[in-house]
Amino acid sequence: VLMATSQGITACGWVFYVLYHNFVVFTTTFTFQVLVVALLSLNSDPDLGGVFSRHRLLWWCFLASIGAGKGIWEFERWLYRSGACPSSASDPHFWLHPAWHVLAAASHAFWIRYAASLTLRRRGGREDGAKKVH
């Protein structure tokens, strides 16, 4: 029920953003998506140990990459609002937006890998896809 509700809210947010071009809706919907998967995946397998367990390394990589990307993205937005956007590809600030996309993609990859490992654990398999030997 929670996941279906989350998906419905997300779908409505994206439709509203596309129809009305309201950037606050875009950022709020994106943040909501990140928070839902972060919290659900963190709490989905208590047998992995605490939040700082070594078994949650991929979850932390997910969180660190999306956090770093968000920081870069906010700096890029600040440059835009200040009228200080770089005009040349030789300026390192020119590459802030692509860096955001790389970090967001890395974050997604880390989370998918973490979620896949949770699914395999629940099904009794190993991360490499082989079945446990009893």
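See the structure printed just above.
These figures come from a predicted structure and were not determined experimentally.

Draft legend 1. The arrangement of the packing of helix α2 (residues 23-43) against helix α4 (residues 96-123) in detail. It is the contact of α2 with α4, at a shortest axis distance of 11 Å, that shows an interaxial angle of 30°. Judged by the inter-axis angle, α2 sits roughly parallel to α4. Viewed along their axes, α2 and α4 form a crossing whose handedness is left-handed. Facing α2, whose interface residues are F30, V37, S41 and L42, α4 presents W100, W111, Y114 and L118. When grouped by side-chain class, the residues that make up the contact of α2 with α4 number seven nonpolar, one polar and no charged.

Draft legend 2. Molecular detail of the nonpolar core. The biggest cluster of nonpolar side chains holds 14 residues, and the ones touching the most others in it are W59, F62, I66, W100 and Y114. Of all elements in the fold, only α2, α3 (57-81) and α4 reach the threshold of two or more residues within this core. Considering every element that reaches this core, the biggest residue donor is α4, with six residues. Setting aside residues up to four positions removed in sequence, I66 forms contacts with F30, V34, W100, A104 and S107.

Draft legend 3. Quick peek at the pattern of salt bridges. For the structure shown, the criterion picks out one salt bridge. With a closest N to O distance of 2.5 Å, E74 and K70 form a salt bridge. Placement of the pair is E74 and K70 together in helix α3, with a separation of four residues, close to one helical turn. Under the relative-accessibility criterion, E74 is labelled partly exposed at 32%.

Draft legend 4. Region of the structure containing the packing of aromatic side chains. Under the criterion given, the structure shown has 13 aromatic pairs. Plain terms: the ring middles of F16 and Y20 are 4.7 Å apart, the flat faces sit at 40° to each other, and that makes the pair tilted. Of this pair, F16 and Y20 both sit in helix α1 (residues 2-20), four residues apart, roughly one helical turn. Overall, F16 belongs to the partly exposed group, its relative accessible area being 37%. Under the relative-accessibility criterion, Y20 is labelled exposed at 55%. Ring centres of F30 and W100 lie 5.7 Å apart, and the angle between their planes is 70°; on these two criteria the pair is classed as edge-to-face. In this pair, F30 is assigned in helix α2 and W100 in helix α4, connecting sequence segments 70 residues apart. The class of W100 is buried, set by a relative accessible area of 11%.

Draft legend 5. Quick look at unusual backbone geometry. Even without being a glycine, H21 presents a positive backbone phi close to 50°. By relative accessible area, H21 is classed as exposed at 65%.

Draft legend 6. The arrangement of α3 in detail. Compared with the 36 Å implied by 1.5 Å per residue over 25 residues, the 36 Å span of α3 between its first and last C-alpha is a close match. Looking at the packing, one finds that the buried side of α3 touches α2 and α4. Looking one or two residues beyond α3, the residue adopting positive phi is G83, at roughly 70°.

Thresholds applied
- Residues numbered from 1 in each chain as written.
- Predicted model: local features only at pLDDT ≥ 70, side-chain atom pairs only at ≥ 80, totals over all residues.
- Heavy atoms only, no water.
- Axes fitted to C-alpha atoms, helices over the stretch in contact; angles between N-to-C directions.
- Helix = DSSP H or I, 4+ residues; strand = E, 2+ residues; numbered from the N terminus.
- Parallel < 35°, antiparallel > 145°, perpendicular 65-115°, else oblique.
- Left-handed = near helix turned anticlockwise from the far one by under 90°.
- Contact = heavy atoms within 4.5 Å.
- Nonpolar A, V, L, I, M, F, W, Y, C, P; charged D, E, K, R; others polar.
- Core = buried A, V, L, I, M, F, W, Y, C linked by side-chain atoms within 4.5 Å.
- Buried < 20%, exposed > 50% of the residue type's maximum accessible area, 1.4 Å probe, protein only.
- Salt bridge = Lys/Arg side-chain N within 4 Å of Asp/Glu carboxyl O.
- Phe/Tyr/Trp six-rings, centres within 6.5 Å; stacked < 30°, edge-to-face > 60°.
- Expected span 1.5 Å × (residues − 1).

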